[in-house]
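Breakdown of the fold
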Amino acid sequence: MSNNFMVMQNIARELLPLLKENLVMPATVNRNYSSDFIGKGNTIIVEKPAVFVADEFGETINLQNIVEPSVAVKMDKIADVSFEIEQKELALSMPEFKTKYLASAANSIAEKINSDGLKLYKRIPFFTGTAGTTPSAITAFTQARKILNDNKAPLMDRYAAWDTAAEAKFLELDAILNAEKSGSTEALRAGAIGDIVGFKNYMSQAIPTHTAGTYTALSDVKATVNIANNGQLTDRTPYSVMSFASTAGTSTGTLKAGDLLTVAGKKYVVLEDVAAAVAGATSAKVYPALTANITSQNVTFADVTAGGHVANLAYHKDAFIFVTRPLAPYSDKESYTVQNDGWSIRVSIWSDPSTKKTMMSLDVLYDYVCAYPELAAIVLG
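The structure contained in this document is the topic of the report that follows. (Residues numbered from 1 in each chain as written. Predicted model: local features only at pLDDT ≥ 70, side-chain atom pairs only at ≥ 80, totals over all residues. Heavy atoms only, no water.)

Points about the overall build of the protein
If you tally the helices and strands in the protein, you get seven helices and 22 strands. When each of the 381 residues of the protein is scored for burial, the buried share is 48%. In the structure as shown, the protein presents an accessible area of about 18,000 Å², 50% of it carried by carbon and sulfur atoms. (Helix = DSSP H or I, 4+ residues; strand = E, 2+ residues; numbered from the N terminus. Buried < 20%, exposed > 50% of the residue type's maximum accessible area, 1.4 Å probe, protein only. Areas by Shrake-Rupley, 256 points an atom, 1.4 Å probe, with all protein chains shown as cover.)

This is the structure in structure tokens:
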């Protein structure tokens, strides 16, 4: 296998551009990367974009303290494609090898990375639309835009990802059918619906469907919060502990991360799965954290009727951060890691004498951070 190192170099250098072309979600959010090798499970601190407030200028300027909030990210996601390969396959010309193996492998890795990014909906409390009903009108865009405008999201760099059912409905609308297609990558252009009311829209087969906890089927729930119990998750997301009580007092339903609710006109999202209620009573960590106590306020769950929703996502790029680091080449295998402009992939090959088989592995280390949930909105489907 003396020639395999050069083979790994060539394969990695051909593979990385293919991967980049298919990474839609990471291309539409902020990226945090470095050239430092780290391993799966390491925790790193990622700084979020600074936030400022514009003042009216008077006689002197008002210096603002630059607050650079940060989040802790445990790098525990590896997108991997591994397969058995015959030595003769390594002798193929690179165009042949790319067609036979690399294009499909890059697409599979990108699909997983894109899919994991769309799962960030579970941190977003702001929503519009009706659970169980596919968006089909221009109001899906305008109401999502209103949420981002109300939350003072910048007007540029806004994106929206829609499931196949929503795309089919939108393409029946003249305003969308005739929209100019655009995007920053070939993959984004290919999946683009068009630029509508300030969003660069694209379709994704990876849009998740949220299955709500069974407790959300209740329509007689009251909520109470004591802000003395506020806290932070391990990634530094602030939360309040919201206690729920069903007036019927019999439910043993559960709550799931991503369940959406409205209390006293304000919207919240459940951050973690919650075990079954006891006699209609349960509690959950919710975002955003409250700043004042509430007692026995009416609760409306978004999924009370449908039992779940498709989580179409509209967002400004600063809402999320894609975090990636290169994986170190294996010391006991023929292995090579290629890096370019913050993107990286590791390619490795080894033989198992006991089975007389040769294996190839392609992998990427990454994770996502929901940096500013206020800069995103879910359009229920």
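A short note on the packing of aromatic side chains
Scanning the model with the defined rule gives 14 aromatic pairs in all. Pairing Phe244 with Phe301 gives two aromatic rings, centres 6.2 Å apart and planes at 45°, and the pair type is tilted. Of this pair, Phe244 sits in strand β12 (residues 238-246) while Phe301 sits in strand β16 (residues 294-301); the two residues are 57 residues apart in sequence, bridging distant segments of the chain. Taken individually, Phe244 and Phe301 each receive the classification buried, so the pair is uniform in this respect. An aromatic cluster is built from Phe322, Trp343, Tyr366 and Tyr368, whose rings are joined through pairwise contacts. Over the ring of Phe127 we find Lys267; its NZ or CZ atom is 4.3 Å from the centre of that ring. If you follow Lys333 out to its NZ or CZ, it ends over the ring of Tyr330, 4.6 Å from the centre. (Phe/Tyr/Trp six-rings, centres within 6.5 Å; stacked < 30°, edge-to-face > 60°. Lys NZ or Arg CZ within 6 Å of the ring centre and 35° of its normal.)

A closer look at the nonpolar core
Among the nonpolar cores identified, the biggest contains 94 residues, and Tyr315, Phe320 and Met360 are the most heavily contacted of them. Considering each element in turn, this core owes the most residues, nine residues, to helix α3 (residues 94-118). Ignoring any residue separated from it by four or fewer positions in sequence, one finds Phe320 in contact with Met25, Val29, Asn30, Leu120, Ile124, Leu313, Tyr315, Val369, Cys370, Ala371 and Ala376. In this structure, Tyr215, Val270, Leu290 and Val299 belong to the second largest nonpolar core, which totals 20 residues. (Core = buried A, V, L, I, M, F, W, Y, C linked by side-chain atoms within 4.5 Å. Contact = heavy atoms within 4.5 Å.)

Examining the pattern of salt bridges
Scanning all chains against the criterion turns up 13 salt bridges. A salt bridge links Asp116 to Lys119; the shortest N-O distance between them is 3.4 Å. For Lys119, a relative accessible area of 42% corresponds to the partly exposed category. As a salt-bridge pair, Arg346 and Asp363 come within 2.6 Å of each other at their nearest N and O atoms. Of this pair, Arg346 sits in strand β20 (residues 343-352) while Asp363 sits in strand β21 (residues 357-370); the two residues are 17 residues apart in sequence, bridging distant segments of the chain. (Salt bridge = Lys/Arg side-chain N within 4 Å of Asp/Glu carboxyl O.)

Overview of the environment of Thr134
Secondary-structure assignment places Thr134 in the loop between β5 (127-128) and α4 (139-150). Exposure remark for Thr134: the relative accessible area of 29% places this residue in the partly exposed category. Counting along the chain gives 32 residues from Thr134 to Ala166, while the straight-line C-alpha distance between them is 5.8 Å.

Quick look at the side chain of Ser251
With respect to the secondary-structure elements, Ser251 resides in the loop between β12 and β13 (260-263). Here the side chain of Ser251 touches Gly253 through a polar contact of 3.0 Å, landing on its backbone nitrogen. Apart from the residues lying within four places of it in its own chain, the contact partners of Ser251 are Tyr215, Leu218, Ala277, Val278, Ala279 and Gly280. (Polar contact = N/O pair within 3.5 Å; in protein donor to acceptor, adjacent residues only side chain to side chain.)

Describing the environment of Ile85
Mapped onto the secondary structure, Ile85 falls in the loop between β4 (77-84) and α3. When neighbours within four sequence positions are excluded, Ile85 is seen to be in contact with Leu90, Phe97, Tyr101, Ile349, Thr358, Met359 and Met360.

What to know about the pairing of strand β10 (residues 221-225)
Alternating residues of β10 divide into Val221, Ala223 and Val225, all buried, and Lys222 and Thr224, none buried. Examined bridge by bridge, β10 and β12 share five bridges and lie antiparallel to one another. The partner of Lys222 across the bridge, within β12, is Ala245. As paired elements, β10 and β16 share three bridges and run antiparallel to each other. Across the sheet, the residue bridging to Val225 is Ile294, located in β16. (Pairing = 2+ DSSP bridges.)

Thoughts on unusual backbone geometry
Here the bond from Tyr287 into Pro288 is cis, since omega is 0°, no more than 30 degrees from zero. Note on placement: Pro288 falls in the loop between β15 (281-287) and β16. One non-glycine residue, Arg236, adopts positive backbone phi at about 80°. Its location among the elements puts Arg236 in the loop between β11 (231-232) and β12. Its identity as a non-glycine residue notwithstanding, Ala264 has a phi of 50°, on the positive side.

Let's talk about α3
Taking 1.5 Å per residue as the helical rise, α3 with its 25 residues ought to reach 36 Å, and the 33 Å between its terminal C-alpha atoms agrees with that figure. Most pronounced at Tyr101, the bend in α3 amounts to some 40°. (Expected span 1.5 Å × (residues − 1). Bend = angle between axes of the 7 residues up to and from the residue.)

Quick word on α4
For the α-helix, the turn length of 3.6 residues means that residues three or four positions removed from each other point alike. The end-to-end C-alpha distance of α4 is 16 Å, a good match for the 16 Å that twelve residues give at a rise of 1.5 Å each. Along α4, the positions that sit buried rather than exposed are Ala140, Phe141, Ala144, Ile147 and Leu148. An end-on view of α4 places all buried positions within 125° of arc, on one side of the element. A positive backbone phi angle near 60° is found at Lys152, which sits one or two residues after α4. (Arc of directions from axis to C-beta.)

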